[in-house]
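One letter stands for each residue in the lines below.
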Amino acid sequence: MTDATVGAAADATAGSGAATAPEQAPARSGRLAGAALMTCSGLSNQLGAATGALAFPVIGPAGVVAVRQWVAGAVLLAVGRPRWRSFTWRQWWPVLSLAVVFGTMNLSLYCAIDRIGLGLAVTLEFLGPLTVALASSRRAVDLVCAPAAGAAVVVLARPQPATDYTGIALGLLAAVCWASYILLNRTVGRRVPGAQGSAAAAVVSGICYVPIGIVVLLHHPPTPAALGYAAVAGVLSSAVPFLSDLLALRRVPARFFGVFMSVNPVLAALVGLVVLGETLDAAAWTAIGVIVAANTVSVMSGAGPRRRGGA
């Protein structure tokens, strides 16, 4: 997640004056805690996806997503404890929209992982937040970053005998969903206190997956190991990142969060290599590096002080 995701953090710090000496030490410790939370979130997300992929041969991507949505909903319900009756329609509509986007994003991403591998799928998905950041920018440097990222996608999708265009399309669908997730999550964070909004969205998404999960699991009877992999994916790829990102956004500047999140495609490629034995050629690694660099440059170039009235 890049600039748009962390808009809430920028809004929280907008207009604040320079920190006094007694305030600087807590700020430094808060940023260290934020860095630890972001590391936890990134690794947990990719390890969870890789663990879920181990269950694909038994219950398929849809079965894994169904189980992980149920687990994520249960965990976040216990943590967020949303006050359902107090929600107004102004709070409900972004929560419901976030639930739909959340479920679609995970299904399209896991189907892409099944077809083109973890590293490439996550790299394509990462184009969602990058596009949101570039589309909302008017800076000259982004006129370079956008074509560079586009060229990298062309390299990843270049025609080859083994090119899976369906997998690439699913990865790009996940990118669209992640971009929507960013904008909706910002709205939810503003309108619903604490983790209640994320918890409510996860619960609703889990309920929507009940009929899908029942059909899939009846046609593909799961083994205990497959259910275990899917459940672990639910905790590592949904519950932990949800809460880690929420807490990290309260402790680090928006640009720092954006730069740190840029390494997710690299983490995904490394986890895919170590856990799933997926290998990438030099061109694919180069394309991943270009996309990561484009986001890093875009975020860092906007690291100057915010002018009054500007966003």
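Residues numbered from 1 in each chain as written. Predicted model: local features only at pLDDT ≥ 70, side-chain atom pairs only at ≥ 80, totals over all residues. Heavy atoms only, no water.

Peer 1: Looking at this model, I keep getting lost on the overall build of the protein chain. Mind explaining?
Peer 2: A count of helical and extended segments in the protein chain gives 13 helices and 0 strands. Helices (α) and strands (β) of the protein chain occur, in sequence order from the N terminus, as α-α-α-α-α-α-α-α-α-α-α-α-α. Burial analysis of the protein chain (311 residues in total) assigns 49% to the buried set. In the protein chain, the proportion of contacts linking residues at least 24 apart, taken out of those at least 6 apart, comes to 90%. With an accessible surface of roughly 14,300 Å², the protein chain has 68% of that area assigned to carbon and sulfur atoms. (Helix = DSSP H or I, 4+ residues; strand = E, 2+ residues; numbered from the N terminus. Buried < 20%, exposed > 50% of the residue type's maximum accessible area, 1.4 Å probe, protein only. Contact = heavy atoms within 4.5 Å. Areas by Shrake-Rupley, 256 points an atom, 1.4 Å probe, with all protein chains shown as cover.)

Peer 1: What's the story with helix 10 (residues 224–248) in this structure? I'm lost.
Peer 2: Note that an α-helix has 3.6 residues per turn; residues three or four places apart therefore point the same way. With 25 residues, helix 10 should reach 36 Å at 1.5 Å per residue; the first-to-last C-alpha distance of 34 Å fits that figure. Taking the largest bend as the criterion, helix 10 deviates by roughly 30°, centred on Val240, and proline Pro241 comes between one and four positions later. Here helix 10 has its buried residues at Ala226, Ala230, Ala233, Gly234, Ser237, Ser238, Ala239, Pro241, Phe242, Ser244, Asp245 and Ala248. (Expected span 1.5 Å × (residues − 1). Bend = angle between axes of the 7 residues up to and from the residue.)

Peer 1: What's the story with the packing of helix 3 (residues 56–80) against helix 4 (residues 89–116) in this structure? I'm lost.
Peer 2: When two helices pack together, their arrangement is given by the angle between the helix axes and the distance between those axes. In contact at an axis separation of 9 Å, helix 3 and helix 4 are set at 160° when each is read in the N-to-C sense. The orientation of helix 3 with respect to helix 4, classified from their angle, is roughly antiparallel. For the pair helix 3 and helix 4, the sense of crossing is right-handed. Here Phe56, Pro61, Ala62, Val64, Val65, Arg68 and Gln69 of helix 3 come into contact with helix 4, specifically with Phe102, Gly103, Asn106, Leu107, Tyr110, Cys111, Ile113 and Asp114. (Axes fitted to C-alpha atoms, helices over the stretch in contact; angles between N-to-C directions. Parallel < 35°, antiparallel > 145°, perpendicular 65-115°, else oblique. Left-handed = near helix turned anticlockwise from the far one by under 90°.)

Peer 1: I'm lost on the nonpolar core in this one. Help?
Peer 2: Across soluble globular proteins, nonpolar side chains have a tendency to be buried as a group. Of all hydrophobic cores here, the largest spans 66 residues; its most connected members are Tyr110, Ile113, Leu118, Tyr181 and Ile291. The leading source of residues in this core is helix 4, at 11 residues. Setting aside residues up to four positions removed in sequence, Leu118 forms contacts with Gln46, Ala49, Ala50, Ile113, Ala268, Val271, Gly272, Leu276 and Glu278. (Core = buried A, V, L, I, M, F, W, Y, C linked by side-chain atoms within 4.5 Å.)

Peer 1: Whenever I open this one, the pattern of salt bridges confuses me. Can you help?
Peer 2: It is possible for side chains bearing opposite charge to pair when their charged atoms get close. In total, this model carries 1 salt bridge according to the counting rule given. Asp164 is paired through a salt bridge with Arg115; the nearest N and O atoms lie 3.0 Å apart. Remark: Arg115 occurs in helix 4 and Asp164 occurs in the loop between helix 7 (142–156) and helix 8 (165–191); sequence separation between them is 49 residues. In this structure Asp164 comes out as buried when scored by relative accessible area, which is 18%. (Salt bridge = Lys/Arg side-chain N within 4 Å of Asp/Glu carboxyl O.)

Peer 1: Teacher, can you tell me more about the packing of helix 3 against helix 9 (residues 196–219) here?
Peer 2: Orientation of helix 3 relative to helix 9, taken along the N-to-C sense of each, is 145°, at an axis distance of 7 Å. In this structure, the crossing between helix 3 and helix 9 has a hand that is left-handed. Broken down by class, the residue content of the contact of helix 3 with helix 9 amounts to 16 nonpolar, 9 polar and no charged. (Nonpolar A, V, L, I, M, F, W, Y, C, P; charged D, E, K, R; others polar.)

Peer 1: What's the story with helix 3 in this structure? I'm lost.
Peer 2: Compared with the 36 Å implied by 1.5 Å per residue over 25 residues, the 30 Å span of helix 3 between its first and last C-alpha is markedly short. Along helix 3, the sharpest kink reaches roughly 65°, centred on Ala62. Count one or two residues on from helix 3 and you reach Arg81, which has phi positive near 45°.

Peer 1: Hey, could you run me through the environment of Tyr181 in this one?
Peer 2: If you trace the backbone, Tyr181 turns up in helix 8. Judged by relative accessible area, which is 4%, Tyr181 ranks as buried. The spatial distance from the C-alpha of Tyr181 to the C-alpha of Val100 is 9.5 Å, given a sequence separation of 81 residues.

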